[in-house]
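The primary structure of each chain is shown beneath.
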Amino acid sequence: MRENSGAHYLEKALSLKPLLNKKTVRPVKVTGEGEWLRDGGSLLLDFGTHLVGRITLALDCRRDDDLSPDSPLLVEFKFAEVLSELEERPYSGGMSRSWFQHETVHIDNPLEAFTLPRRYAFRYAKITFTANTSYSVRYAGCTVTAVTSADEAAIAPLPPQTSSLVRKIDETAVRTLRDCMQEVFEDGPKRDRRLWLGDLYLQARTNYYTFGNNDLVKRCLYLFAGLPHPDGLVSSAVFHEPVLRGQAWILHDYALFFIGTLADYYRATKDVETLRELWPVALRQAEAVAGSVHSDEYFHEDESIHADEDVHGGEDVHTDEDVHANADTRVAEYLPADRYFIDWCPSLDKTIPAEGVFIMMLKEASELAGILKRSKDAQRLAGIVGPGIARMRGYFRVESGLLVPASGQVSVLSQAFGVLSGVFDKATSRVIMKNTLALMDGGDIVRPVTPFAMHFLAEALVAADLRRDALKLIKDYWGGMVKEGADCFYEVYVPGNPDASPYGSPLMNSYCHAWSCTPAYFIRKYGFK
Ligand code: RAM
C-alpha cells in the first residue's frame, strides 16, 4: 500500500481508534420519585451536570389486583442539555427534527431494568409514561454509563491564585471538550456527532493543554486525509459512524485548517513521520484553495467582490504592483468568500476573514515546508500567499484605523482575522484591536455569534499584546454562559438573545459544542487568572 494513498491513511486512522472510558453516574435529583405513575405521569431526572452515555431505568410496578403487568409499558424519554429544550415549542427549521433527543419505546417487561440502545448527551431526562395502563410504575433507580475517550486524570490543577470565575470557566471548557471527545473529536455529542475540521482545529489546540490525547488528533487528521474529494480538497466533515464517509461539503477555511491542525500537532509532538506522511495533503489544500482564487471556472466578473474598488483612495497602502508582485500565475481580485464558513452571523461580509485564514494557514504551510526542507514547496507557497498579503494591506483605512472591505461593512471578524494574518506590525495591530473593542462597547459593528468566531477575536487580542483585554473577553463572553448556569459551552451564544439559532429554533442548538472549549487553552497557555 502506498504511503500516501487514501487506503493507507484510513488504515492508520482505524488503528488509532480509542477505547472509551466508562463511568457510572446516577441522578442527583428525581422529581416524581416515590409517586405511582401512568397515563401521562412523568419523572424529571437531573444528573447535576452534562453527560454523554446510555441510560438504564428500573421501575416498580403495581396493579390493583396485584397481578403482574398485562400490557407493554409505553415510555417517552426526552433528553436535554439545558432545561429549555424540554419546552413544548413548534419547530419548522430545515435541520431534521430527528436530531431532537426524543425516544419512545415499548417495554414488554416493565419489571426488568431497561437500557436505551442509543447514546444521548444531556443533564436532564424527562421520562413520561404515556399509556393508560392498568398498572402504575414507580421510579426504582437509574444509571447512566457515561463515555468519553478523554482521560480526566490528565488535567493539571490551575495555580492557587486563579480566580473563582476563571476556574469555573476552565472547568466548563474542560467538560465541554471531554464530552465531545469520543471515538473522534465530535463537534457536539447531541448534534452533529461528527468530526468537523474547524472544530477539530480548536479542540486539538485545547487538548494539548488539557487531556493531551495526541493520538486522537492524529487519528482525525488521517481520517480527513483518507477521504478526500476528487480535487484533493478534504471534506469539511467526516462521519465516522454508522458508515465511515466524508461529507459532501467543502469549506475553504476548514480545508485550510487541516494545515494549521497538522502544524499544531507537529509542534506538540515533534512527530515528523506523521508530518511527512500528511504533508502532501496539507500542501494540496493550500494549492487547491489558491487555485480556486485563480480559476476561470469560478471567476465571474459581475459577481465578484472587487476588493480594490472602494479602497483605492490615496490613503490606502494597496497598489496594483503590490497585488501582482509575488504572483506566479494569473491572479483574481478576490477570494470566493462564500465558500468560507467563518461564523454563523448571516450579515457578515467574509472577504477579509477569508483572506485572513488563507494567509494564516499558508504561513503555517511555509513553516512546515521549512521543517521538511522542501524548498520548492516553500517557494511555491510564498508565491501563492503574496497576492493575498497585498490584498489584506489594501483593506486598511488609515483614517479609521480599521480594516474595511469593498462593501464598507465594519465587522469584528474583519479586524480579528486581519490582525491574525500577521500582515500588520504590532503597533498597527494594537490600533486595530483597540478600535474594535471601542466599537464593541456600544458602537456600530457587526459582531460574531459563535464561540468559534469569538475564539479568533481572543486570539487576535493576544496577538496584538492585549492579553488583559483577551482575559476580559473570556470573562465576559464565556463567563456570561457560566453565570447563566451553563454546564458546557454552547454552539451559539448571543448575550441577551437566548433564541439565537442558525437552525430556526434554539431547540436544535447544541449546548455542549466543541468549538467553544478554547477558554481552557487561553487560561492554561497564558496563565490567565
Ligand atoms: C454546524 C456545526 C459544526 C460546524 C458546522 C460548520 O453544523 O455547528 O460544529 O463546524 O456547522
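Residues numbered from 1 in each chain as written. Predicted model: local features only at pLDDT ≥ 70, side-chain atom pairs only at ≥ 80, totals over all residues. Heavy atoms only, no water.

(A) Molecular detail of the domain arrangement of the protein. By the assigned domains, the protein splits into domain 1 (21-148) and domain 2 (152-526). Between domain 1 and domain 2, the C-alpha centre-to-centre distance is 39 Å. With 27 residues of domain 1 at the interface, the matching set in domain 2 holds 25 residues. Interface area, domain 1 with domain 2, both sides summed: about 2,300 Å², of which 54% is carbon and sulfur. In this structure, the salt-bridge partner of Lys190 is Glu85, at a minimum N-O distance of 2.8 Å. The interface formed by domain 1 and domain 2 holds 14 residue pairs in polar contact (both at pLDDT 80 or more) in total. Counting residues per element, the ones that place at least two in the side of domain 1 that touches domain 2 are β3 (41-63), β7 (120-129) and β8 (135-148). Residue contributions to the side of domain 1 that touches domain 2 peak at five residues, all from β3. The residue makeup of the side of domain 1 that touches domain 2, split by class, is nine nonpolar, nine polar and nine charged. (Domains from an automatic or database assignment. Contact = heavy atoms within 4.5 Å. Buried area = accessible area lost by both parts, 1.4 Å probe. Salt bridge = Lys/Arg side-chain N within 4 Å of Asp/Glu carboxyl O. Polar contact = N/O pair within 3.5 Å; in protein donor to acceptor, adjacent residues only side chain to side chain. Helix = DSSP H or I, 4+ residues; strand = E, 2+ residues; numbered from the N terminus. Nonpolar A, V, L, I, M, F, W, Y, C, P; charged D, E, K, R; others polar.)

(B) Fine view of helix α8 (residues 351-371). The end-to-end C-alpha distance of α8, which contains 21 residues, comes to 31 Å, matching closely the 30 Å that a straight helix rising 1.5 Å per residue would cover. Of all 21 residues in α8, 16 are buried; the element is thus mostly enclosed. Of the residues flanking the end of α8, it is Lys373, one or two places downstream, whose phi is positive at about 55°. (Expected span 1.5 Å × (residues − 1). Buried < 20%, exposed > 50% of the residue type's maximum accessible area, 1.4 Å probe, protein only.)

(C) Focus on the sheet that holds strand β9 (residues 195-196). The antiparallel open sheet is built from three strands, whose spatial order is β9-β10-β11. The open sheet terminates on both sides in strands that have one partner only, identified here as β9 and β11 (245-246). Both β9 and strand β10 (residues 237-239) contribute to a ladder of two bridges, which runs antiparallel. Following the sheet pairing, Trp196 is matched in β10 by Ala237. (Pairing = 2+ DSSP bridges.)

(D) How the structure looks around the packing of aromatic side chains. Here the structure, examined in full by the defined rule, presents 31 aromatic pairs. Between Tyr9 and Tyr222, the ring centres sit 5.9 Å apart and the planes meet at 55°, which makes this aromatic pair tilted. With Tyr9 in helix α1 (residues 6-15) and Tyr222 in helix α4 (residues 214-226), this residue pair connects regions lying 213 residues apart in the sequence. Taken as a pair, Tyr9 and Tyr222 share a single burial class, namely buried. (Phe/Tyr/Trp six-rings, centres within 6.5 Å; stacked < 30°, edge-to-face > 60°.)

(E) Here's a closer look at the packing of helix α12 (residues 451-463) against helix α13 (residues 467-483). α13 packs onto α12 with a crossing angle of 160° between their chain directions and a minimal axis gap of 7 Å. Classified by the angle between their axes, α12 and α13 sit roughly antiparallel to one another. Between α12 and α13 lies a crossing whose hand is left-handed. Within the contact between the two elements, α12 uses Pro451, Met454, His455, Leu457, Ala458, Leu461 and Val462 and α13 uses Arg467, Asp469, Ala470, Leu473, Tyr477, Trp478 and Met481. Tallied by class, residues from the contact of α12 with α13 come to eleven nonpolar, one polar and two charged. (Axes fitted to C-alpha atoms, helices over the stretch in contact; angles between N-to-C directions. Parallel < 35°, antiparallel > 145°, perpendicular 65-115°, else oblique. Left-handed = near helix turned anticlockwise from the far one by under 90°.)

(F) Molecular detail of the site of the ligand. Taken together, Asp187, Arg191, Asp192, Trp196, Asp199, Tyr254, Phe341, Trp344, Glu491, Tyr503, His513 and Trp515 make up the full set of residues adjacent to the ligand. A distance of 2.8 Å is found between an oxygen atom of the ligand and a side-chain nitrogen or oxygen belonging to Asp192. Separating an oxygen atom of the ligand from a side-chain N or O atom of Tyr254 is a distance of 2.7 Å. A total of 290 Å² of accessible area belongs to the ligand in isolation, and the protein chains cover 97% of it. Its residues placed into classes, the shell around the ligand shows six nonpolar, one polar and five charged. (Near = heavy atom within 4 Å. Areas by Shrake-Rupley, 256 points an atom, 1.4 Å probe, with all protein chains shown as cover.)

(G) Representation of the packing of α8 against helix α9 (residues 375-394). One way to put it is that α8 packs onto α9 with a least axis distance of 9 Å and a crossing angle of 155°. As judged from the angle between their axes, α8 and α9 are roughly antiparallel. Along this stretch, α8 crosses α9, giving a crossing that reads as left-handed. Between α8, through Ile352, Glu355, Gly356, Phe358, Ile359, Leu362, Ala365, Ser366 and Ala369, and α9, the contact on the second element is made entirely by Asp377, Ala378, Leu381, Ile384, Val385, Gly388, Ile389, Arg391 and Met392. Partitioned by chemical class, the residues of the contact of α8 with α9 number twelve nonpolar, three polar and three charged.

(H) Quick peek at the pattern of salt bridges. Counted under the stated rule, the structure contains 31 salt bridges. Residues Glu152 and Lys23 are paired through a salt bridge, measuring 3.3 Å at the closest nitrogen-oxygen approach. With Glu152 in the loop between β8 and α2 (164-180) and Lys23 in strand β1 (residues 21-25), this residue pair connects regions lying 129 residues apart in the sequence. For Glu152, a relative accessible area of 38% gives the class partly exposed. Residue classification places Lys23 among the partly exposed residues on the basis of a relative accessible area of 42%.

(I) Here's a closer look at the environment of Ala453. Counting through the fold element by element, Ala453 comes out in helix α12. Ala453 sits in the buried class, given a relative accessible area of 0%. Along the backbone, Ala453 and Lys17 are 436 residues apart, and their C-alpha atoms lie at a distance of 30 Å. Ignoring sequence-local partners within four residues, the contact set of Ala453 consists of Ile342, Asp343, Leu413 and Pro448.

(J) Spotlight on unusual backbone geometry. The omega angle of the peptide bond from Arg191 to Asp192 is 10°, so this bond is cis rather than trans. Within the secondary structure layout, Asp192 lies in the loop between α2 and β9. With an omega dihedral of 0°, the bond running from Glu241 to Pro242 counts as a cis peptide bond. With respect to the helices and strands, the residue Pro242 is situated in the loop between β10 and β11. For Asp39, which is not glycine, the phi dihedral falls at a positive 55°. Relative to the helices and strands, Asp39 is located in the loop between β2 (29-31) and β3. Look at Asp39 and you get exposed, because its relative accessible area is 52%. The phi angle at Lys373 is positive, at roughly 55°, despite the residue not being glycine. You can see Lys373 is positioned in the loop between α8 and α9. Using a relative accessible area of 72% as the deciding quantity, one classes Lys373 as exposed.

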